[in-house]
Amino acid sequence: MSAVPYLTNCLEKYDINICALSEHWLRKCNIHFLQQIDSKYKIYAKSVDELLPTTQKCSNYRKGVALLVSSNIDRYVVHEIDVDSDRIIGIKMHLPNDVTIFFFCVYLPAASLPIDLFKEYVDLLHELYSVYSQNGIVIFAGDFNAKVQGPRVSGVQDDRSKILRRVLDEFSLISLNTQTFCKGPIHTFQGYENGPCSTIDHIIVPDNLPFKPENVNILDDDGLNLSDHFPIICTSCYVFFPP
């Protein structure tokens, strides 16, 4: 969480209503740190040791997901969704115009981990969409650790991309930041010391979303951003929230 100054700047500059954080690396005993980022946000979070909070050692600190929800939006949150995973967290929102949104923050296993583990979590996304899309709009956002092709993103798909693509195609889902209306860099990940670039972070929504996204941007490199990932900003993305 060394990039907190950059995060707080983005929250204020872009007037963020919902911020999805993937891979925050915090243990359960330190999760309260997220609440100190900005008092105007309610925190929904899972720690790196979510499933084994009493263990003295954590075998993989490269986990942790959280949603930061602004106070003017949190009043529409019905509840946190019970997901049996330390890589996915979700909330249910019921908006005044009778729209229900299920918003999930996702962090899928990295390429260094077995592909069977990756497929297991993609299967969970399939299950979540199958269940919750019956009752509202489902949105996934975060680090998918897989490339998704789109009008502005091309290239050869690897096995991980193909596994995720099958789910997206089955449910007619798209990645907003791979569409032509997205501005900024094409890639969302830049390896340290000029390492490889890729588009592995996504905001995934139904292709027939009833309200059009606006001003989708991948923010370019910034001196305050100490992460190797670039934020994706989607302003006025879904609905108008009254004050």
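Further up the page is the structure itself.
The rules behind each value
- Residues numbered from 1 in each chain as written.
- Predicted model: local features only at pLDDT ≥ 70, side-chain atom pairs only at ≥ 80, totals over all residues.
- Heavy atoms only, no water.
- Salt bridge = Lys/Arg side-chain N within 4 Å of Asp/Glu carboxyl O.
- Helix = DSSP H or I, 4+ residues; strand = E, 2+ residues; numbered from the N terminus.
- Buried < 20%, exposed > 50% of the residue type's maximum accessible area, 1.4 Å probe, protein only.
- Pairing = 2+ DSSP bridges.
- Axes fitted to C-alpha atoms, helices over the stretch in contact; angles between N-to-C directions.
- Contact = heavy atoms within 4.5 Å.
- Parallel < 35°, antiparallel > 145°, perpendicular 65-115°, else oblique.
- Nonpolar A, V, L, I, M, F, W, Y, C, P; charged D, E, K, R; others polar.
- Phe/Tyr/Trp six-rings, centres within 6.5 Å; stacked < 30°, edge-to-face > 60°.
- Core = buried A, V, L, I, M, F, W, Y, C linked by side-chain atoms within 4.5 Å.

A. Summary view of the pattern of salt bridges. Considering all chains together, one arrives at four salt bridges under this definition. For the salt bridge of aspartate 123 with lysine 119, the shortest nitrogen-to-oxygen distance reads 3.2 Å. Of this pair, aspartate 123 and lysine 119 both sit in helix α3 (residues 115–132), separated by four residues, roughly a single helical turn. Residue classification places aspartate 123 among the partly exposed residues on the basis of a relative accessible area of 39%. Residue lysine 119 is classed as partly exposed on the basis of its relative accessible area, which comes to 36%. Its salt-bridge partner being aspartate 169, residue arginine 165 comes within 3.1 Å of it at the nearest N-O pair. Taken together, the residues span about one helical turn, with arginine 165 and aspartate 169 both in helix α4 (residues 159–171) at a distance of four residues.

B. A look at the sheet that holds strand β8 (residues 173–175). Pairing is mixed across the open sheet formed by six strands, whose spatial order is β4-β5-β6-β7-β11-β8. A single partner strand is all that each edge strand has here, and the edge strands are β4 (77–81) and β8. Going from strand to strand, the sheet's axes swing by 20 degrees on average, the running direction of each strand aside. Of the strand pairs in this sheet, strand β5 (residues 88–94) and strand β6 (residues 100–107) are connected by seven bridges, and their pairing is antiparallel. Counted as the bridge partner of lysine 92 is phenylalanine 102 from β6. α3 contacts β4, β5, β6, β7 (137–143), β8 and β11 (201–206) of the sheet and is inclined by roughly 155 degrees relative to β7.

C. Fine view of the sheet that holds strand β3 (residues 65–70). Taken together, three strands build an open sheet; the order of strands is β1-β3-β2 and the sheet is antiparallel. At either margin of the open sheet sits one strand with a lone partner, and together these are β1 (18–22) and β2 (41–46). Taking the axes of each pair of neighbouring strands and ignoring which way they run, one obtains an average angle of 15 degrees across the sheet. Relative to β3, β1 runs antiparallel, the two being bridged by five bridges. Its bridge partner lying in β3, alanine 20 is registered against leucine 67.

D. Main features of the packing of α3 against α4. One way to put it is that α3 packs onto α4 with a least axis distance of 10 Å and a crossing angle of 10 degrees. The angle between α3 and α4 places the two elements in the roughly parallel class. For the pair α3 and α4, contact is made by Ile115, Phe118, Lys119, Val122, His126, Tyr129 and Ser130 and by Asp159, Arg160, Ile163, Leu164, Val167, Glu170 and Phe171, respectively. Of the residues contributing to the contact of α3 with α4, the split by class is eight nonpolar, two polar and four charged.

E. View of the packing of aromatic side chains. Within the structure shown, the criterion is met by five aromatic pairs. For the pair phenylalanine 102 and tyrosine 132, a centre-to-centre distance of 4.9 Å together with 45 degrees between the ring planes defines the contact as tilted. You can see phenylalanine 102 sitting in strand β6 and its partner tyrosine 132 sitting in helix α3, a full 30 residues away along the chain. Among the residues examined, phenylalanine 102 registers a relative accessible area of 3% and is labelled buried. Aromatic side chains tyrosine 129 and phenylalanine 171 sit 4.7 Å apart centroid to centroid with 40 degrees between the ring planes, which places their arrangement in the tilted category. You can see tyrosine 129 sitting in helix α3 and its partner phenylalanine 171 sitting in helix α4, a full 42 residues away along the chain. Across the pair, phenylalanine 171 and tyrosine 129 agree in class, each one buried.

F. Broad picture of the nonpolar core. Counting residues in each nonpolar core, the largest one holds 31 residues, and the members touching the most others are Leu67, Ile91, Met93, Ile101, Phe103 and Ile203. For this core, the secondary structure elements donating two or more residues are β3, β5, β6, β7, β11, β12 (214–218) and β13 (232–235). Among the elements that take part in this core, β6 stands out by supplying four residues, more than any other. Setting aside anything within four residues of it in sequence, one finds isoleucine 91 in contact with Tyr44, Leu67, Val69, Val77, His79, Glu80, Ile81, Ile101, Phe102 and Phe103. Ile81, Phe104, Phe118 and Leu164 belong to the second largest nonpolar core, which has 27 residues in total.

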